Amino acid sequence: MKAAMFYGGTDIRVQEVAQPVPGPGEVLVRVRAAGVCGSDLHGYRDPNRGWPGLGRPNMTGHELAGEIAALGPGVVGLAAGQRVGVEPRHLVGCGHCRWCRQGAYQLCPELGMVDGKRVHSTGFAEYSLESAEKCYSLPEDLSIEEAAILDVYAVAVHAVHRVPVSPVDTVVVLGVGAIGLAIAQVARAAGAGRVIAVGRREEPLALARQLGCDETVDSARTDPVEAVRTLTGGEGADVVFEAVGGTAPTFAQASMMAAPGGRVGIVGSFVEPQVLDVRVCMRKEVSLNWVWSYGLWQGVPEFQVALDLMTGGRVDAAPLISHRFPLDSIDQAFAAAADKRASGAVKVLVIP
Ligand SMILES: [Zn+2]
Ligand SMILES: [Zn+2]
């Protein structure tokens, strides 16, 4: 099969590699679309970062959808040709530890390990080996492209699970990338009273308003902490979701703009240790919650919740998809995703 091989940094080569054969409980998925995630960009921007434990070169791509191409021994309930959304392999828990048993498999110490070896989905290839029980049948009216970013919406569902919202809450989402826009939509669907999106580029801020945000703040032009204070009559926000990470100043900003008794959810992946004025957090009794991937919510896969929200039209994923590139042009896909200011990208898809 054709696959993008990641040699570190911007060195990505499309090569011919052996097509995997599904073992017991596994399926082979013919990938039809795969999203470039912010987490994929860490290793692209800095060869010293990137997905840990995969070695070099490696294959990645964890936001994917496609069709079942082959079934491993003993797999039931799936058929060749069936369209599926996929919970990626790096989020498969061991199934028997305390955390897996309570549905928080994202916290499993053996997460993404098979026989002591780290495994990863290969969405940036023609085929990806997946766990059969992590494949979700897609309704006919959901496009493969939308299904490819179910992973993004599952993260958003988990964020609202970790930091619940209600009609009395003013919710701020810091960041208008795909994750931020997904959280804003899921928060609205979950009944948030008022949603304010904060970002640094006008196009995705306009998209945030189009997708139902009540107000937007351009943090490239105004101080977002002051702006949120002004918009909330000096109180601050009841709930803040931080969805930028990287090297952004948003970790400290999130707590600064929270109201007394406010709740903060940290969703972005920061690449450096962060500094926080704990006096401000203590005086306001701000609760700080971490949001890492997703798992089960009262026994229901958060991936399934995301699929139901999308299928029911409660969230709209299609407007997030801004760019598409064939697998042979994956270098252009990563370049567009890595410089969103130049490309205008929100979510970039690779179409293998
Ligand atoms: Zn992702
Ligand atoms: Zn486990």
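For the structure itself, look to the data block above.
Residues numbered from 1 in each chain as written. Chains lettered and ligands numbered in written order. Predicted model: local features only at pLDDT ≥ 70, side-chain atom pairs only at ≥ 80, totals over all residues.

Q: Just checking my understanding: could you explain the overall build of the protein chain for this structure?
A: The helix and strand inventory of the protein chain stands at 12 helices and 19 strands. In terms of its C-alpha atoms, the protein chain occupies a principal-axis envelope of roughly 60 × 40 × 40 Å. Across the 352 residues of the protein chain, 47% fall into the buried class. A fraction of 71% describes how many contacts in the protein chain between residues 6 or more apart in sequence connect residues 24 or more apart. (Helix = DSSP H or I, 4+ residues; strand = E, 2+ residues; numbered from the N terminus. Buried ≥ 20, exposed ≤ 12 C-beta atoms within 10 Å, placed from the backbone. Contact = placed C-beta atoms within 7 Å.)

Q: Just to check I follow, could you spell out the sheet that holds strand S10 (residues 170-174) for this structure?
A: What holds strands together in a sheet is hydrogen bonding between their backbones, with the strands either parallel or antiparallel. Spatial ordering of the open sheet is given by S12-S11-S10-S13-S14-S15, a layout of 6 strands whose pairing is parallel. With one partner strand each, in any of the chains shown, strand S12 (215-218) and strand S15 (287-290) form the two edges of the open sheet. Strand-to-strand twist in this sheet, taken as the mean axis angle between neighbours without regard to direction, amounts to 20 degrees. Against the sheet, helix H5 (residues 178-189) touches S10, strand S11 (194-199) and strand S13 (237-242), its axis set at about 175 degrees to S11. Together, S10, S11, S12 and S13 form the strand contacts of helix H7 (residues 224-231), whose direction differs from that of S12 by roughly 155 degrees. (Pairing = 2+ DSSP bridges. Axes fitted to C-alpha atoms, helices over the stretch in contact; angles between N-to-C directions.)

Q: Is there a simple way to think about the pairing of S13 in this case?
A: In the case of a regular strand, side chains alternate between the two sheet surfaces. For S13, the tally of buried residues reaches 6 of 6 residues, placing the bulk of the element in the interior. Pairing geometry for S10 and S13, over 4 bridges, is parallel. Looking across to S13, one finds that Val172 is bridged to Val240. Sheet topology places S13 next to strand S14 (residues 258-266); 5 bridges connect them, and they run parallel. Looking at S14, one finds that Glu242 is bridged to Ile266. After leaving S13, the chain enters helix H8 (residues 250-256) and then returns to the sheet as S14, a path that is right-handed. (Right-handed = clockwise from strand over helix to strand, strands pointing away.)

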